[in-house]
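Analysis of the macromolecular model
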Amino acid sequence: MATPSPAKSMGDPGITPLSPTHILKDSEENEPTRHPYVVVVAIDFGTTSSGYAYAFTNEPECIYTMRRWEGGDPGVSNQKTPTTILLTPDRKFHSFGYAARDFYHDLDPTESKQWLYLEKFKMKLHTTANLSIGTDLDAANGKKVKALDIFAYALAFFKEQALKELSDQTGSDFDNADVRWVITVPAIWKMPAKQFMREASYKAGMASRENPDQLIIALEPEAASIYCRKLRLHQMVDLGNKTALNGYSPTENVGMGMTQGDRYVVVDCGGGTVDLTVHQICMPEGHLKELYKASGGPYGSIGIDYEFEKLLCKIFGQDFIDQFKIKRPAAWVDLMIAFESRKRAATPDRSNPLNINLPFSFIDYYKKFRGHSVEHALRKSNVEFVKWSSQGMLRMNPDAMNALFKPTIDHIIQHLIELFDRPEVTDIKFLFLVGGFAESPLLQQAVQKMLQGRSRIIIPNDVGLTILKGAVLFGLDPSVIKVRRSPLTYGVGVLNRFVEGKHPPGKMLVKEGMHWCTDVFDTFISADQSVALGETVKRSYTPAKPSQQVIVIHVYCSEKESVNFITDPGVRKCGTLKLDVSGTESPAARREIQTLMQFGDTEIRAMALDVATSRSVKASIDFLSQ
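Notes on the structure follow. (Residues numbered from 1 in each chain as written. Predicted model: local features only at pLDDT ≥ 70, side-chain atom pairs only at ≥ 80, totals over all residues. Heavy atoms only, no water.)

1. Some words on the packing of helix α12 (residues 398–420) against helix α13 (residues 441–451)
Heads up, the rule is: An axis is simply a line fitted to the C-alpha atoms; with a helix, the fit covers only the stretch in contact. Between two such axes, the angle follows the N-to-C directions and lies from 0 to 180 degrees. Strands are runs of DSSP state E lasting at least 2 residues, helices are runs of H or I lasting at least 4, and numbering of each runs from the N terminus. Working rule for handedness: look at the near helix, and if it is turned counterclockwise from the far one by less than a right angle, call the crossing left-handed; if clockwise, right-handed. Only heavy atoms matter for contacts: two residues are in contact if any of them lie within 4.5 Å across the pair. All residues other than Ala, Val, Leu, Ile, Met, Phe, Trp, Tyr, Cys, Pro, Asp, Glu, Lys and Arg, Gly among them, are scored as polar; the first ten of these are nonpolar and the last four charged.
Relative to each other, α12 and α13 sit at 35°, their axes nearing to 10 Å. In the packing of α12 onto α13, the handedness of the crossing is right-handed. Every residue of α13 that contacts α12 at N402, F405, I409, I412, I413, L416, I417 and F420 is listed here: L442, L443, A446, V447, M450 and L451. Residue composition of the contact of α12 with α13, grouped by class: 13 nonpolar, 1 polar and no charged.

Given below as structure tokens:
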């Protein structure tokens, strides 16, 4: 399908392309191959807010961010939409984002109890220990829904929105087959969560098992890194001198040119997680190499919301808050929206108090529940710095607000201290702060204090869209990151010849007169090992019986770099490698199936070959608990 240049609709204020000069082309000899897709669409599926951006493959330097959304909160730029979803009482998809929130809010309280409203649900994929296709989520009314359905509904919503916008922009019906989709996930996510996103995207009809390459999973800080290294000086703020960088020619790249060997850290502070990545630029092509495995944790800005909730429980009682959330779910959402806009007004040097509007139904329900007023509860609670104002608001002294930030920011700083203490993490020229939470002056000040000038702290101007734009660039050329570090040690259990004095006697197995050692961990790749894109680990397996149709091999993993046995502490079964050997019967006495595994991409892949017949064998690696 030929696409007319999107330039014709640039008059439409909803489209905010980067001017073509913004993205520097990498050197010519390194031109990416011709694309089978017409457009790359990236979806940043965030804990608190989500959005998409796209670029046509014939004009890769023009990145378009999605149209502005209907609705929007005061004090919050609405380039993205809240990650909220509403299902009808009979569990059909109703709406997403502001539309879902507003509709839910306008429902009569008796009705709203029947509707299923979900927000901040992405974190469940990070926190669930044995994530499976059947994992549940809790809606605001306490009812359970299948996580896979919710994620698939959300992705299908973005797919429809993007295809509609592309059709409007090109003036012809846009087909899903013309799109390469990119979905961003935190780098610290384990394989099951990444695979879960992939399964949800198949269910949403973006790609399929038959055509898996139509969808790529991008790691959020990697995407940010790809975008940041191309930033021009006028596109960012240097915290060292707190102004947009002036006095340099605006065509220069970050920091007077990122040069060969420059090392930098990207700190992606989102709603749910904080992800840290360490990259080095390798010239001449400007490829990126990861210097230390991705780290971070669940220290996103929703931690501040939890602290606020704890504060409310302290003042009004946990029993009341739990009851209120279930009985008046829409009013609870309202209260959290009111808190969100005040949260964004918190700064280190603020002296005047922050007022948070309590919904009327909170005040009313509290009186019914306790038999006395909200005002009385505040007087009685002895909570420092929080008072009741005569206009019906909670009055928070800035110190009280800053205290809500403290546990989350302390976690992030502690993590940065540990990262900068690693021997691999020396001579860091820049620290890029990206993600929605990076806009917080309290966080910025804490990072500055911790670094004490060791690295330049850079914040891109469109910090909330950095990941989105970088994910588009990644979709246009996924080979830009040439070397990654494995987050875990992966391997399988095998039998080895028993060696006296080396192997524990308890592991000895005698079989046909031979002495074998069981449970030996055969390492495919070690934690923090460097692995190049496309590099493979080869192993050969033989079916136990000639008639065997499927070989199933358990894959184990550990955070430790060296593992001897699959029974060592910290080693757990994390997946299965399946080789479908049906139809490959051969006259050979022993059939040898050669398996190739790739660990250098954002997901682990497997391929296999029947050595005798050189026929390809269907191989898959599954990380979701059955």
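Moving on from the model shown.
2. What about the pattern of salt bridges?
Basically, it comes down to this: Salt bridge criterion: a side-chain nitrogen from Lys or Arg within 4 Å of a carboxyl oxygen from Asp or Glu. Any residue under 20% of the maximum accessible area for its type is buried, any over 50% is exposed, and the rest in between are partly exposed; the area is computed with a 1.4 Å probe on protein chains only.
The full count for this structure, using the stated rule, is 28 salt bridges. We note a salt bridge from D528 to R485, for which the minimum N-O separation is 3.9 Å. Linking D528 in the loop between β25 (514–525) and β26 (530–532) with R485 in strand β22 (residues 481–485), this pair joins segments that are 43 residues apart in sequence. Residues D522 and R539 are paired through a salt bridge, measuring 2.8 Å at the closest nitrogen-oxygen approach. One end of the pair, D522, is in strand β25; the other, R539, is in strand β27 (residues 536–541), and 17 residues separate them in sequence. Since its relative accessible area comes to 18%, D522 is described here as buried. The partly exposed category is assigned to R539, whose relative accessible area is 23%. When salt bridges with common partners are traced through the structure, they connect K120, D305, E340, K343 and R344 into a single cluster.

3. Side note on the side chain of E290
Our working definition: As used throughout, the charge tally considers Lys and Arg to be positive and Asp and Glu to be negative, leaving His and the chain termini uncounted.
Considering the arrangement of structural elements, one finds E290 in strand β16 (residues 287–297). Although buried, E290 forms no salt bridge, and the nearest oppositely charged side chain, R484, lies 5.3 Å from it. Residues contacting E290, with those up to four places away along its chain left out, are T277, V278, H279, V483, R484 and R485.

4. Here we look at the sheet that holds strand β6 (residues 93–96)
This is how it is decided: Pairs of strands are assigned from DSSP output, requiring at least two bridges between the strands.
Ordered by their spatial adjacency, 3 strands build an open sheet running β6-β5-β7, and the pairing between neighbours is antiparallel. The sheet is open, and its two edges are formed by β6 and β7 (116–119), each paired on a single side. Neighbour-to-neighbour, the strand axes of this sheet turn through a mean angle of 20°, independent of strand direction.

Limitation: the analysis is restricted to geometry and does not speak to function.
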